[in-house]
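# Descriptive structure summary
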Amino acid sequence: MFQDITIEQLLERRQSDELLLIDVRSPSEFEESTIPGSLNIPIFTDEERKEVGTLYKQVSIQAAKDKGLEIVSRKLPAFIKQFEALGERPKAVFCWRGGMRSKTTATVLSLMGIRAQRLVGGYRAYRKWVVSMLDSFQLTSKCIVIHGYTGTGKTEILRGLAKQGFPVLDLEELAGHRGSIFGHIGKKPSNQKNFESMLIQELLKYKDAPYLLMEAESKRIGKVVLPDFLVEGKKRGEHYMIEIPWDVRVRNILNDYKPEEHKEMCMEAFQRIKNRIHTPAAQQIENCLKEERYGEAVSLLLEYYYDPRYDHAGLQYNGESRSIQAGSVQEATDKIAALLRMRTDRANPVREQVTK
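Nothing here was measured: the structure is a model prediction, and the numbers come from that model. (Residues numbered from 1 in each chain as written. Predicted model: local features only at pLDDT ≥ 70, side-chain atom pairs only at ≥ 80, totals over all residues. Heavy atoms only, no water.)

### Observations concerning the overall build of the protein chain
Short version of the rule: Labels follow the DSSP assignment, with helices taken as runs of H or I lasting at least four residues and strands as runs of E lasting at least two, numbered in each case from the N terminus. Contacts were defined at the residue level, with two residues in contact if any of their heavy atoms lie within 4.5 Å. Under the convention used here, a 1.4 Å probe and the Shrake-Rupley method define accessible areas, while residue burial counts only the protein chains that appear.
Of the regular secondary structure elements, the protein chain holds 16 helices and 11 strands. Of the contacts made within the protein chain by residues no fewer than 6 positions apart, 73% connect residues no fewer than 24 positions apart. Of the roughly 18600 Å² of accessible surface on the protein chain, 50% is carried by carbon and sulfur atoms.

Set out below in structure tokens:
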């Protein structure tokens with residue numbers, strides 16, 4: 001018979017990568033929010049779940065159970081094979097509340113000789129844990145915030161630093177959005193639930209780090225909103241202003257956004273800000289986009305929209321600020337890495353990892 005596992009046991013075992021977690025809810029439920037790193041092997045499709053749910057509400061619990069059993073028995077061989085293909089690694093299954101779907105799955109797997117545990121309370125228990133952790137989280141790491149005009153390559157700088165072992169919180173990656181009106185292009189934006197699940201994992205990963213590197217973002221990034229403790233931590237943090245040549249910025253944007261692959265999305269995004277730009281310049285930008293002269297369009301957008309908005313907003317932070325001039329993203333990354341290594345906190349584990 002299968003065993004139950006609590007949310008605390010689940011989190012402890014996942015730290016050592018011992019457990020394979022499988023979400024047996026429907027594809028749309030999984031898409032909306034899940035436990036990060038989970039696989040989706042749905043016991044019901046979205047249509048089947050709706051059918052069973054309708055019977056549950058409008059007819060009876062027994063009628064819903066009978067229909068569920070009928071659906072599951074038809075697909076059982078293929079369902080089991082998906083679990084068998086995952087190998088011998090220990091598994092835990094969950095549904096919304098740790099109810100019938102995960103219980104049925106764990107029971108059938110056990111009968112077939114496949115060891116699987118069931119998460120007590122299901123995804124709802126995990127979601128409650130995430131909310132509780134974020135509500136009570138104490139940010140003790142000093143925030144080091146990377147600033148710069150659009151196209152400076154701030155995200156690439158952070159990723160370069162992360163590869164060297166520095167503690168980096170990539171908020172744009174977690175949000176699935178670059179934070180600008182064009183920020184969704186070529187991305188899959190996160191919703192608030194998924195963002196918070198990934199955020200708390202990253203925060204716990206670096207909870208003992210003396211500092212945490214991140215990009216200067218507003219409280220809202222795409223569809224998600226940052227917790228207040230993170231916004232306040234950034235304001236009080238240490239700030240690096242990256243300055244990179246204009247032509248390099250334009251090239252960075254073209255490489256990142258790939259407008260030639262997202263022509264319609266670029267034009268749609270531009271239409272949302274067109275009336276905020278001086279009319280002759282706006283018309284010129286639109287013409288460039290239509291004629292696929294993307295380098296010119298980017299340059300004009302920087303001149304007439306992004307740089308003025310950045311200048312108007314100002315730094316808006318209270319902490320220390322340092323200017324870093326560089327000719328490329330790599331040079332900026334190297335300069336920041338050198339500054340971090342020179343910090344007074346030389347005995348911290350992060351530095352030791354980087355310098356080995």
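### A few points about the side chain of Gln117
Structurally, Gln117 can be placed in strand E5 (residues 116-119). What Gln117 contacts, discounting residues up to four positions off in sequence, is Gln3, Ile5, Arg13, Leu19, Lys91, Ala92 and Val93.

### Some points on the layout of surface pockets
Operational definition: As defined here, a cavity is a set of points on a 1 Å grid over the protein atoms alone where a 1.4 Å probe fits but cannot get out. A pocket is an open set with protein on both sides within 12 Å along at least five of seven lines, and residues line them when an atom is within 4 Å of a point. Grid points are joined across faces, edges and corners, and a volume is the space filled by probe spheres set on the points. Note on residue categories: nonpolar means Ala, Val, Leu, Ile, Met, Phe, Trp, Tyr, Cys or Pro, charged means Asp, Glu, Lys or Arg, and polar means any other residue, Gly included.
In this structure, the second largest pocket spans a volume of roughly 1100 Å³. Around the second largest pocket, the lining is made up of 33 residues, and of these Phe44, Val52, Tyr56, Met100 and Arg101 lie nearest the centre. Contributing elements (two or more residues each) for the lining of the second largest pocket: helix H2 (27-32), helix H3 (46-58), helix H4 (61-84) and helix H5 (100-111). Element by element, the count of residues in the lining of the second largest pocket is highest for H4, at eight residues. Along the lines of polarity and charge, the residues of the lining of the second largest pocket split into 14 nonpolar, seven polar and 12 charged.

### Structural notes on H4
Note the threshold: Throughout, bend refers to the angle between the axes fitted to the seven residues that end at a position and the seven residues that start at it. Buried residues are those whose accessible area, probed at 1.4 Å on protein chains only, stays under 20% of the maximum for their type, while exposed residues exceed 50% and partly exposed ones sit between those limits.
At Leu76, H4 shows its largest bend, some 65 degrees, and a proline, Pro77, comes one to four positions later. Residues of H4 that are buried: Ala63, Ala64, Lys67, Gly68, Ile71, Val72, Phe79, Ile80 and Phe83. Tucked inside the fold, the buried residues of H4 contact strand E2 (20-23), H3, strand E4 (91-94) and H5.

### Some details on empty space enclosed by the protein
Counting across every chain of the model gives two cavities of 30 Å³ or more. When its volume is computed, the largest cavity comes out at roughly 210 Å³. Broken down by secondary-structure element, the contributors of at least two residues to the lining of the largest cavity are helix H11 (246-257) and helix H14 (294-313). The leading source of residues in the lining of the largest cavity is H14, at six residues. Grouping the constituent residues of the lining of the largest cavity by class yields 12 nonpolar, two polar and no charged. Approximately 40 Å³ is the volume attributed to the second largest cavity. Phe137, Leu139, Thr140, Ser141, Leu203, Tyr206, Lys207 and Leu212 are the residues that line the second largest cavity.

### Things to note about the pairing of E5
Here is the rule: For two strands to pair, DSSP has to find at least two bridges joining them. Handedness is read with the strands pointing away from the viewer; a crossover is right-handed when the path from the first strand over the helix to the second is clockwise.
Where burial is concerned, the two faces of E5 agree: the one with Ala116 and Arg118 and the one with Gln117 and Leu119 are both buried. By the bridge criterion, two bridges tie strand E1 (residues 4-5) to E5 in an arrangement that is parallel. By the bridge assignment, Ile5 is partnered in E5 with Leu119. Relative to E5, E4 runs parallel, the two being bridged by three bridges. Bridge assignment links Lys91 to a residue of E5, and that residue is Ala116. Note that the unit made of E4, H5 and E5 has a crossover that is right-handed.

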